[in-house]
Amino acid sequence: MHGHDPGHEREQPEGPDEPGASRLLFDHDGHPTRPDRIPPVGIVAGRARFATARIGGAGGSLTAVSQRELVILGTASQVPTKQRNHNGYLLRWDREGLLFDPGEGTQRQMSFAGVAASGITRICITHFHGDHCFGLPGVLGRISLDGALHPVDVYFPASGEVFYERLIDSSAHNRQVELEPHPIGENGELPPPGADFTLRAARLSHPVETFGYRLDEPDSRRFVPERLRELGLSGPVVGELQRRGEVRVGDRTVTLDEVSE
């Protein structure tokens with residue numbers, strides 16, 4: 001047996017990095033010395049779940065059905081590492097999925113995170129440096145492949161529209177998803193068709209034209225528990241009432257105004 005000499009270690013040539021791959025270190029005579037685990041490529045940096053809101057007064061509370069979660073797909077800058085992918089942030093907001101700055105590898109990161117591309121309803125690009133947009137073609141291809149039937153709104157700085165056009169047609173493909181481009185030229189409210197929130201853009205300081213995004217909820221309403229109980233409303237039907245503004249109960253229609261203030 002040969003002794004272990006750290007000064008003469010050499011690494012086994014590596015193949016493509018794969019999740020859970022491992023490598024061995026060898027001494028100067030070619031004998032393995034110890035295993036060294038490679039962290040899985042594409043580790044999701046973090047998830048932040050928004051607490052389920054509770055609504056109601058002193059007479060009790062009801063659980064709202066809103067499901068909100070921020071999935072951080074990558075936080076690296078120009079050069080990714082084995083632990084950090086390029087930028088990518090998916091905000092799940094009730095029925096909406098807002099994808100911000102899909103950097104290279106975003107589609108694969110979504111697989112690691114267990115989120116479906118078909119759930120993306122809007123894509124927001126702050127600027128057209130590659131680490132913030134190179135993942136766009138793959139994400140759009142995956143949305144089409146998954147058979148999403150809804151249109152996808154895409155927001156981006158107007159000065160980078162030429163890059164947007166190049167990215168969405170960067171390869172031979174059969175795009176099925178309907179894209180609604182929204183070039184941004186100034187600060188202000190953006191058009192979010194069908195959304196129950198307001199999306200705003202504000203210019204940021206950067207070497208290329210860059211916009212940040214802000215999502216605002218409308219002023220909330222408070223459900224009155226006594227009125228809900230009188231009408232026999234509870235559980236998922238309350239969430240439906242909150243989203244649609246009215247709900248059918250038995251032989252009558254209950255409106256949001258009747259049970260809230």
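Cut-offs used in this document
- Residues numbered from 1 in each chain as written.
- Predicted model: local features only at pLDDT ≥ 70, side-chain atom pairs only at ≥ 80, totals over all residues.
- Heavy atoms only, no water.
- Salt bridge = Lys/Arg side-chain N within 4 Å of Asp/Glu carboxyl O.
- Buried < 20%, exposed > 50% of the residue type's maximum accessible area, 1.4 Å probe, protein only.
- Axes fitted to C-alpha atoms, helices over the stretch in contact; angles between N-to-C directions.
- Helix = DSSP H or I, 4+ residues; strand = E, 2+ residues; numbered from the N terminus.
- Parallel < 35°, antiparallel > 145°, perpendicular 65-115°, else oblique.
- Contact = heavy atoms within 4.5 Å.
- Nonpolar A, V, L, I, M, F, W, Y, C, P; charged D, E, K, R; others polar.
- Pairing = 2+ DSSP bridges.
- Arc of directions from axis to C-beta.
- Left-handed = near helix turned anticlockwise from the far one by under 90°.
- pLDDT = per-residue confidence, 0-100.

## Some words on the pattern of salt bridges
This structure, assessed with the given rule, holds 12 salt bridges. Of the charged contacts in the structure, one is a salt bridge between Arg175 and Asp169, with a shortest N-O distance of 3.5 Å. The class for Arg175 is partly exposed, based on a relative accessible area of 32%. Among the ionic pairs, Arg203 bridges to Glu209, the shortest N-O distance being 2.7 Å. Under the relative-accessibility criterion, Glu209 is labelled partly exposed at 24%. Each of the salt bridges in this network shares a partner with another, and the network as a whole consists of Arg68, Asp94 and Glu217.

## A few points about the packing of helix α1 (residues 106-113) against helix α2 (residues 136-145)
Where α1 meets α2, the closest approach of the two axes is 7 Å, and the angle between their N-to-C directions is 55°. Relative to α2, α1 is oriented oblique. Judged by residue contacts, Thr106, Gln107 and Ser111 of α1 engage Gly138, Val139 and Arg142 from α2. Classifying every residue of the contact of α1 with α2 gives one nonpolar, four polar and one charged.

## A closer look at the sheet that holds strand β15 (residues 210-216)
Pairing within the open sheet is antiparallel, and its three strands lie in the order β13-β14-β15. Of all strands in the sheet, those with a lone pairing partner are β13 (188-190) and β15, marking the two edges. Neighbouring strand axes in the sheet, compared pairwise and without regard to direction, differ in orientation by 40° on average.

## Focus on α2
Along α2, the residues that are buried comprise Leu136, Val139, Leu140, Ile143 and Ser144. The buried side chains of α2 occupy one side of the element, clustering within an arc of 140° when seen end-on. Lining the buried residues of α2 we find β9 (96-100), α1, β10 (122-124), β11 (152-157), α3 (161-168) and β12 (179-184). Positive phi appears at Gly147, one or two residues downstream of α2, with a value of about 75°.

## A few points about unusual backbone geometry
Of note, the phi angle at Asp94 is positive, near 55°, even though the residue is not glycine. By the element assignment, Asp94 lies in the loop between β8 (88-93) and β9. Judged by its relative accessible area of 27%, Asp94 falls in the partly exposed class. Despite not being glycine, Asp101 has its phi angle at roughly 50°, a positive value. Residue placement: Asp101 occurs in the loop between β9 and α1. Judged by its relative accessible area of 4%, Asp101 is buried.

## Description of the packing of α2 against α3
Look at α2 against α3: their axes get within 8 Å of each other, and the N-to-C directions meet at 50°. It follows that α2 is oblique to α3 by the angle criterion. Seen from above, α2 lies across α3 with right-handed handedness. Contact with α2, carried on its side by Leu136, Pro137 and Leu140, involves Tyr164, Leu167 and Ile168 of α3 and no other residues of that element. Here the residues of the contact of α2 with α3 sort into six nonpolar, no polar and no charged.

## Some points on the confidence of the model for the chain
A residue-level look at the chain finds 74% of positions with pLDDT of 70 or above and a mean pLDDT of 76. Within the model, the stretch residues 1-45 combines pLDDT values under 50 with 74 contacts to residues more than four positions away or in other chains.

## A few points about the environment of Asp219
Looking at where Asp219 falls in the secondary structure, it is placed in the loop between β15 and α4 (225-230). The spacing of Asp219 and Phe197 is 22 residues in sequence and 10.0 Å in space, taken between C-alpha atoms.

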